[in-house]
Amino acid sequence: MRFRPPAGGPLGVDAYAGLLDLLGGLTSVVQALPPDGALADVRGALRYFGRDTAGLAALIRVRALALYGADCVIGAAPNPMLARMAAREAAPGRTLLVPDTPDAVREFLARKPAGALDGIGPKAARTLCSYGLDSVGRIAAAPLATLQRILGARAGRETHERAHGIDRTPVVPGAAARSLGAERRFDRDELDPVHQRRALLSLTEELGARLRAQGQVCRSLSLTVRCADRTQLTRDRVLPEPTAHSAALTATAYGIHAGLGLQRARVRAIALRAEGLTPAERAAHQLSFDPEDDKARRIEAVADRLRARFGPTAVTRGTLAA
């Protein structure tokens, strides 16, 4: 599930912590997915509270709105992979339920594009599409041996299982986050690419500052663009090297955005996620002889210290302050 303030904008840290505590009052199996998501195994809670899944989801939504002013987008399904996919499709303020039956799972997955499955990146999706396996239904219908020849033994087996709705990963309470995300929602459907790039700049500045504050770097970025007709486009790109440098994140995010070729698309929201997080001290950095790069990093470090002392808005780019 994902939490959203009714007025839009980012979810506050205190509100997010409170919402996680709210879930913890219903079930002890809660995995945080910062900055605004969570996974919860509610099988025990269903029996304890004597409610069905839809009823428990309604209870969570009412309590979240009453106590923290946050709305919920909830995906309910037999396993974490299906729940995440359902949450991505659910309308704001709604619950999308995938029943725990083979027919319902098959129907939910069948027409989705290959890239919608967890673990299928852009490269693997392009490879599968080149063999005519451009939907989850077609991937599920393909023999396991065929998928293993195309993707390799392990990846082929995992893809085969996921295409059939099988996910063996558990919900892990207190698991360390392997990604950081943020989102910007526009007041109205945005057609101007300049305003979209400005939102991207705001996202990369925020993610870069958060990564540096936590002493982490990311290996890749995932950009999601949500359009007015409720379709969404998601693209991933691996960074040249693991980094938390805002300028490097911005350049990569701009490149992904340009590659989408949105033209006159009516964009409702843009989300960016930094993935593959690792401690900064373990990451190698290619030395540069460019004095401008060194200067930018020193300015960034000073800005981080000022933000830590005087608040996140103490230093901001002129483009974003306008």
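(A) Representation of the overall build of the protein chain. A count of helical and extended segments in the protein chain gives 13 helices and 10 strands. Computed over its C-alpha atoms, the radius of gyration of the protein chain comes to 21 Å, within 12% of the 20 Å expected for a compact globule of 322 residues. When its C-alpha atoms are laid out on the principal axes, the protein chain stretches across 60 × 50 × 40 Å. Buried positions account for 41% of the 322 residues belonging to the protein chain. Of the accessible surface of the protein chain, which amounts to about 17,700 Å², a share of 54% is contributed by carbon and sulfur atoms. Once the 46 positive and 33 negative side-chain charges of the protein chain are each reduced to a mean point, those two points are 2 Å apart.

(B) Focus on the nonpolar core. Core analysis: the largest hydrophobic core is formed by 27 residues, its most contacted members being Leu-211, Cys-218, Leu-221, Leu-223, Val-225 and Ile-270. The biggest single contributor to this core is strand 7 (residues 216-227), with 6 residues. If near-sequence neighbours (up to four positions away) are discounted, Leu-223 is found in contact with Leu-200, Leu-233, Thr-234, Arg-235, Ala-253, Ile-256, His-257, Leu-260, Ile-270, Ala-271 and Leu-272. Judged by nonpolar contacts, the second largest core, of 22 residues, contains Phe-108, Leu-109, Leu-133 and Ile-139.

(C) Structural detail: helix 6 (residues 122-130). Within the span of helix 6, buried status applies to Ala-124, Ala-125 and Leu-128. Down the axis of helix 6, the buried set is contained in an arc of 100°. They therefore lie on one face. Turned more than 90 degrees from where helix 6 packs its buried face, Lys-123, Arg-126 and Ser-130 sit exposed. Buried-residue contacts for helix 6 involve helix 7 (136-141) and helix 8 (144-151). Positive phi appears at Gly-132, one or two residues downstream of helix 6, with a value of about 85°.

(D) Inspection of the environment of Pro-173 at higher detail. By the secondary structure assignment, Pro-173 is in the loop between helix 9 (153-163) and strand 6 (179-190). On the basis of relative accessibility, which here comes to 47%, the residue Pro-173 falls in the partly exposed class. Between the C-alpha atoms of Pro-173 and Lys-123, which are 50 residues apart in sequence, the distance is 32 Å. With residues up to four places along the chain from it excluded, the contact list for Pro-173 reads Ser-28, Val-29 and Val-30.

(E) Local environment of a nonpolar patch on the surface. Among the surface-exposed residues, Val-302, Leu-306 and Phe-310 lie close enough to one another that they form a single nonpolar patch of about 270 Å² accessible area. Relative to the helices and strands, Leu-306 resides in helix 12 (residues 291-310).

(F) Representation of the packing of helix 6 against helix 8. Contact geometry for helix 6 and helix 8: axes closest at 10 Å, N-to-C directions at 125°. Relative to helix 8, the element helix 6 is oriented oblique. Crossing geometry of helix 6 relative to helix 8 is assigned as right-handed. In this structure, helix 6 contributes Ala-124, Thr-127 and Leu-128 to the contact, and helix 8 contributes Leu-147, Ile-150 and Leu-151. Tallied by class, the residues present in the contact of helix 6 with helix 8 amount to 5 nonpolar, 1 polar and no charged.

(G) Summary view of the packing of helix 10 (residues 193-213) against helix 11 (residues 246-260). It is the contact of helix 10 with helix 11, at a shortest axis distance of 9 Å, that shows an interaxial angle of 145°. Relative to helix 11, helix 10 is oriented so that their crossing is right-handed. Side by side, helix 10 and helix 11 meet where Pro-193, Gln-196, Arg-197, Leu-200, Leu-201, Thr-204, Glu-205, Gly-208, Ala-209, Leu-211 and Arg-212 of the first sit next to Ser-246, Leu-249, Thr-250, Ala-253, Tyr-254 and His-257 of the second. Classifying every residue of the contact of helix 10 with helix 11 gives 8 nonpolar, 6 polar and 3 charged.

(H) Expanded view of the pairing of strand 3 (residues 37-40). Where strand 2 (residues 30-33) and strand 3 come together, 4 bridges link them in antiparallel fashion. Following the sheet pairing, Leu-33 is matched in strand 3 by Gly-37. What sits between strand 2 and strand 3 in their antiparallel hairpin is a turn of 3 residues.

(I) Structural view of the confidence of the model for the protein chain. Mean pLDDT for the protein chain: 86, with 91% of residues reaching 70 or above. Within the protein chain, the element-level pLDDT minimum falls on helix 13 (residues 318-321), averaging 67, and the maximum on helix 7, averaging 95.

Reading the values: rules and limits
Residues numbered from 1 in each chain as written. Predicted model: local features only at pLDDT ≥ 70, side-chain atom pairs only at ≥ 80, totals over all residues. Heavy atoms only, no water. Helix = DSSP H or I, 4+ residues; strand = E, 2+ residues; numbered from the N terminus. Rg over C-alpha atoms; globule rule 2.2 N^0.38 Å. Buried < 20%, exposed > 50% of the residue type's maximum accessible area, 1.4 Å probe, protein only. Areas by Shrake-Rupley, 256 points an atom, 1.4 Å probe, with all protein chains shown as cover. Lys, Arg positive; Asp, Glu negative; His and termini not counted. Charge placed at Lys NZ, Arg CZ, Asp CG, Glu CD. Core = buried A, V, L, I, M, F, W, Y, C linked by side-chain atoms within 4.5 Å. Contact = heavy atoms within 4.5 Å. Arc of directions from axis to C-beta. Patch = residues over 30% accessible without salt bridge, like charges linked within 9 Å, V, L, I, M, F, W, Y side chains within 5 Å. Salt bridge = Lys/Arg side-chain N within 4 Å of Asp/Glu carboxyl O. Axes fitted to C-alpha atoms, helices over the stretch in contact; angles between N-to-C directions. Parallel < 35°, antiparallel > 145°, perpendicular 65-115°, else oblique. Left-handed = near helix turned anticlockwise from the far one by under 90°. Nonpolar A, V, L, I, M, F, W, Y, C, P; charged D, E, K, R; others polar. Pairing = 2+ DSSP bridges. pLDDT = per-residue confidence, 0-100.

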